[in-house]
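Given next are the chains, with one letter for each unit.
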Amino acid sequence: MTLTEFYNEVSRHTDTDKTQIGVSDTKRVLAVAFSLLATMETAAVLDLVSKGVATAAKKKPK
């Protein structure tokens, strides 16, 4: 998956009937998130991403 494909896939999931979030807004937020991650040590980034994925896995329907 490319970065653009990732941005677009996130946009498809965030723009719902209840929450209207456009593609450009989603991409801007993700770009800021990646900019913040770029300022962190690699180990801290990996720890943070690992925690985020673990949290998402708990919310995933079984």
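Once a new chain begins, its residue numbering starts again from 1 and follows that chain's sequence as written. The predicted origin of the model limits local features to residues at a pLDDT of at least 70 and limits the giving and counting of side-chain atom pairs to 80 or more, whereas totals for whole chains, interfaces and linings rest on all residues. Side-chain measures were taken over the full set of non-hydrogen atoms in the model, leaving aside hydrogen atoms and water.

## Section: the confidence of the model for the protein
At step 1: Per-residue confidence for the protein gives a mean pLDDT of 91, with 98% of residues at or over 70.
At step 2: Every residue is assigned a pLDDT by the predictor, reflecting its confidence on a scale from 0 to 100. Labels follow the DSSP assignment, with helices taken as runs of H or I lasting at least four residues and strands as runs of E lasting at least two, numbered in each case from the N terminus. Of all helices and strands in the protein, the one with the weakest mean pLDDT is helix H1 (residues 3-14) (90), whereas helix H3 (residues 42-59) scores best (95).

## Section: the pattern of salt bridges
At step 1: Just to be clear on terms, a salt bridge is a Lys or Arg side-chain nitrogen sitting within 4 Å of an Asp or Glu carboxyl oxygen. Within this structure, the stated rule accounts for 3 salt bridges.
At step 2: A salt bridge links Asp47 to Lys51; its shortest N-O distance comes to 3.1 Å. You can see Asp47 and its partner Lys51 sitting in helix H3, 4 residues apart, about one turn around the helix.
At step 3: For Asp47, a relative accessible area of 39% corresponds to the partly exposed category. Relative accessibility decides the category of a residue: with a 1.4 Å probe and only protein chains considered, values under 20% of the type maximum give buried, values over 50% give exposed, and everything between is partly exposed.

## Some points on the environment of Ser50
At step 1: Here Ser50 lies in helix H3.
At step 2: You can call Ser50 partly exposed: its relative accessible area is 46%.
At step 3: C-alpha separation for the pair Ser50 and Ala33, spaced 17 residues apart in sequence, amounts to 15 Å.

## Brief notes about a nonpolar patch on the surface
At step 1: Note on patches: the residues involved have over 30% relative accessible area and no salt bridge, like charges join within 9 Å, and the nonpolar side chains Val, Leu, Ile, Met, Phe, Trp and Tyr join within 5 Å. For every accessible area listed, the method is Shrake-Rupley and the probe measures 1.4 Å; residues are considered covered only by the protein chains on display. Where nonpolar side chains cluster on the molecular surface, the patch consists of Met1, Leu3, Phe6 and Phe34 and spans about 430 Å² of accessible area.
At step 2: The topology assignment puts Met1 in the segment before H1.
At step 3: With a relative accessible area of 75%, Met1 lands in the exposed category.

## Observations regarding the packing of H1 against helix H2 (residues 23-38)
At step 1: In this analysis, axes come from line fits to C-alpha atoms, helices being fitted only over the stretch in contact, and the angle between any two N-to-C directions falls in the range 0 to 180 degrees. The interhelical angle for the contact between H1 and H2, taken along N-to-C directions, is 125 degrees, at an axis separation of 9 Å. Put simply, H1 runs oblique to H2. The two elements H1 and H2 cross, and the hand of that crossing is right-handed. On H2, the residues that touch Leu3, Phe6, Tyr7, Asn8, Val10, Ser11 and Thr14 of H1 are Val23, Thr26, Lys27, Leu30, Ala31 and Phe34.
At step 2: Three classes are used: nonpolar for Ala, Val, Leu, Ile, Met, Phe, Trp, Tyr, Cys and Pro, charged for Asp, Glu, Lys and Arg, and polar for all others, with Gly counted as polar. Here the contact of H1 with H2 is composed, by residue class, of 8 nonpolar, 4 polar and 1 charged. Angles below 35 degrees are treated as roughly parallel, those above 145 as roughly antiparallel, those between 65 and 115 as roughly perpendicular, and all remaining angles as oblique. Put simply, a crossing is left-handed when the front helix is turned counterclockwise from the back one by less than a right angle, and right-handed when it is turned clockwise. Contact between two residues is taken to exist if any of their heavy atoms lie within 4.5 Å; hydrogens are not considered.

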